[in-house]
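Fold and geometry: a report
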Amino acid sequence: VIPSMRSLTAEEYVEAFKSFLDHSTEHQCMDEFNKGEMPNIMAGLGNGKSTINVLGVGSGTGEQDLKMIRILQSAHPGVLIDNEIIEPNPQHVAAYKELVNQAPDLQNVSFIWHQLTSSEYEQQVKQNGAHKKFDFIHMIQMLYRVEDIPNTIKFFHSCLDHHGKLLIIILSDSSGWASLWKKYRHCLPSTDSGHYITSNGITDILKRLGVEYCVYEFPSGWDITKCFIDGDPVGGQMMDFLTGTKNFLGTAPPGLRRRLQEALCQPECSSKKDGRIIFSNNLSMIVVES
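Within every chain, residues take consecutive numbers counted from 1 along the sequence as written. Where totals are concerned, whole chains, interfaces and linings use all residues; where local detail is concerned, this predicted model gives features only for residues with pLDDT of at least 70, and gives and counts side-chain atom pairs only at 80 or more. Just so you know, side-chain values use all the structure's heavy atoms and leave hydrogens and water out.

Let us look at the sheet that holds strand 1 (residues 51–57). Overall, mixed pairing links the 7 strands, which are arranged 3-2-1-4-5-10-6 in an open sheet. Of all the strands in the sheet, the pair left with one neighbour each is strand 3 (109–114) and strand 6 (213–218). Within the sheet, the average angular offset between the axes of one strand and its neighbour, ignoring direction, is 15°. Alignment of strand 1 against strand 4 (residues 134–140), held across 4 bridges, turns out to be parallel. Across the sheet, residue valine 57 finds its bridge partner in strand 4, namely methionine 139. We treat two strands as partners when DSSP finds at least two bridges between them. The way it works is that DSSP assigns letters per residue, a run of H or I at least four long becomes a helix, a run of E at least two long becomes a strand, and they are numbered from the N terminus. As a rule, the C-alpha atoms of each element are fitted with a line to give its axis, helices using only the stretch in contact, and angles between N-to-C directions run from 0 to 180 degrees.

Spelled out as structure tokens, the structure:
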């Protein structure tokens, strides 16, 4: 009897996500953005205040957060940074705290973790009636897991102080994910509970809100060659990450599995390079003004 298909648990997602990071240029792509654009963006924050308030929404294990905090530190030497984090996954929160404990260069930074989803945080803020304002808010690759995307963006935008900035990092419409979700959605199992949203969907929302924003596009790739090697454990984890499904290759009907593997090879999703299959993981960095 083939076990039935089911969604990944929080722990399983962490594992699958790690295999994605190990074989993609996702973080290198963010590093390019950090190096090229971030110093200018950070320089304009805080407006001369002695403390700069930062909020990370869905911060995961914190590597990207701390890179941005360090850029902020060098743009504003000696300024205090008050960093709050919203992250529902307890394993991610623990890993983030461990990173902070090992970092000797964060003396001027205070950390507050909220182990909540973004909507739980929003609810809490609205119940308390206290609306803390932030100079910089970032939402990196997290809007796929949010129930009401337009209202989430609207709420966090309302948490910006004057001259504050909201950074949204999301998959680009030029990515393989966009083609997969638009054209090959029938190849994805219903166990994937994510929202299929890409950069254009976000800019449409921002236009409706009437706010100013700027979009930076960065190329990124994900080597999915192992997805096509029978019995390869890493390939199996990659397919789990792609579909949000536990043991997709072992539990999906053969027809669905074949359709998805064929879709992944289409030129609008992937390119072949030196015998490897590289899935397009291009990112859009959207910087929104307060």
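Along the chain, the position of aspartate 65 falls in helix 4 (residues 63–75). Partly exposed describes any residue whose relative accessible area lies between the buried limit of under 20% and the exposed limit of over 50%, with all areas from a 1.4 Å probe on protein chains only and scaled to the type maximum. Charged-residue counts in this description rest on Lys and Arg as positive and Asp and Glu as negative, His and the chain ends being excluded. We define a salt bridge as a side-chain nitrogen of Lys or Arg found within 4 Å of a carboxyl oxygen belonging to Asp or Glu. Lysine 67 is the oppositely charged side chain nearest to the buried, salt-bridge-free aspartate 65, at an N-O distance of 10 Å. In this structure aspartate 65 touches Gly56, Ser59, Ile85, Tyr96 and His138, once residues within four positions along its chain are discounted. Here, residues are in contact when the closest pair of their heavy atoms is within 4.5 Å.

As a further point, take the sheet that holds strand 8 (residues 270–273). If you trace the 3 strands from one edge of the open sheet to the other, you get 7-9-8, paired in antiparallel fashion. With one partner strand each, in any of the chains shown, strand 7 (221–223) and strand 8 form the two edges of the open sheet. With direction set aside, neighbouring strand axes in the sheet form an average angle of 35°. Pairing analysis gives 3 bridges linking strand 7 to strand 9 (residues 276–280), with the strands arranged antiparallel. Note that in strand 9 the partner of tryptophan 222 across the bridge is phenylalanine 279.

Orientation of helix 6 (residues 118–128) relative to helix 7 (residues 149–158), taken along the N-to-C sense of each, is 50°, at an axis distance of 11 Å. Considering the angle they form, helix 6 stands oblique to helix 7. For the pair helix 6 and helix 7, the crossing hand works out as left-handed. Together, Ser118, Tyr121, Glu122, Val125 and Lys126 of helix 6 and Asn151, Thr152, Phe155 and Phe156 of helix 7 make up the contact between the two elements. Residues are grouped as follows: nonpolar covers Ala, Val, Leu, Ile, Met, Phe, Trp, Tyr, Cys and Pro; charged covers Asp, Glu, Lys and Arg; every other residue, Gly included, is treated as polar. Within the contact of helix 6 with helix 7, the residues separate by chemical class into 4 nonpolar, 3 polar and 2 charged. Oblique is the label for every angle not falling under 35 degrees (roughly parallel), over 145 degrees (roughly antiparallel), or within 65 to 115 degrees (roughly perpendicular). Left-handed describes a crossing whose near helix is turned anticlockwise from the far helix by less than a right angle; the clockwise case is right-handed.

This model, assessed by the stated rule, comprises 14 salt bridges. Put simply, aspartate 161 and lysine 49 hold a salt bridge, and the shortest N to O gap is 3.0 Å. With a gap of 112 residues between them, aspartate 161 in strand 5 (residues 160–171) and lysine 49 in the loop between helix 3 (38–43) and strand 1 connect regions that are remote in the sequence. One salt-bridge network, held together by shared partners, links Lys49, Asp135 and Asp161.

As a further point, take the environment of isoleucine 202. Here isoleucine 202 lies in helix 9 (residues 199–209). Sequence separation of isoleucine 202 and glutamate 26 is 176 residues, and the distance between their C-alpha atoms is 19 Å. With residues near it in sequence (within four places) discarded, isoleucine 202 still touches Leu143, Ile149, Ile153, Ile168, Ile170, Ile197 and Ile286.

Note on ring pairs: Phe, Tyr and Trp rings are taken, using the six-membered ring of Trp, and paired if centres are within 6.5 Å. Classes follow the plane angle, with under 30 degrees stacked, over 60 edge-to-face and the rest tilted. For the structure on display, the rule yields 21 aromatic pairs. Between the aromatic rings of tyrosine 13 and phenylalanine 241, the centroid separation amounts to 5.9 Å while the plane-to-plane angle is 40°, which identifies the pairing as tilted. Of the two residues, tyrosine 13 sits in helix 1 (residues 10–23) while phenylalanine 241 sits in helix 10 (residues 233–243), which places them 228 residues apart along the sequence. Aromatic pair phenylalanine 33 and tyrosine 216: ring centres 5.8 Å apart, planes at 55°, arrangement tilted. Here tyrosine 216 lies in strand 6 and phenylalanine 33 lies in helix 2 (residues 26–36), a separation of 183 residues in the sequence. A residue is classified by how much of its surface remains accessible, and phenylalanine 33, at 1% relative accessible area, is buried. An aromatic cluster of three or more residues is present, and its members are Tyr13, Phe17, Phe20, Tyr144, Trp177, Trp181, Tyr196, Trp222, Phe241 and Phe279.

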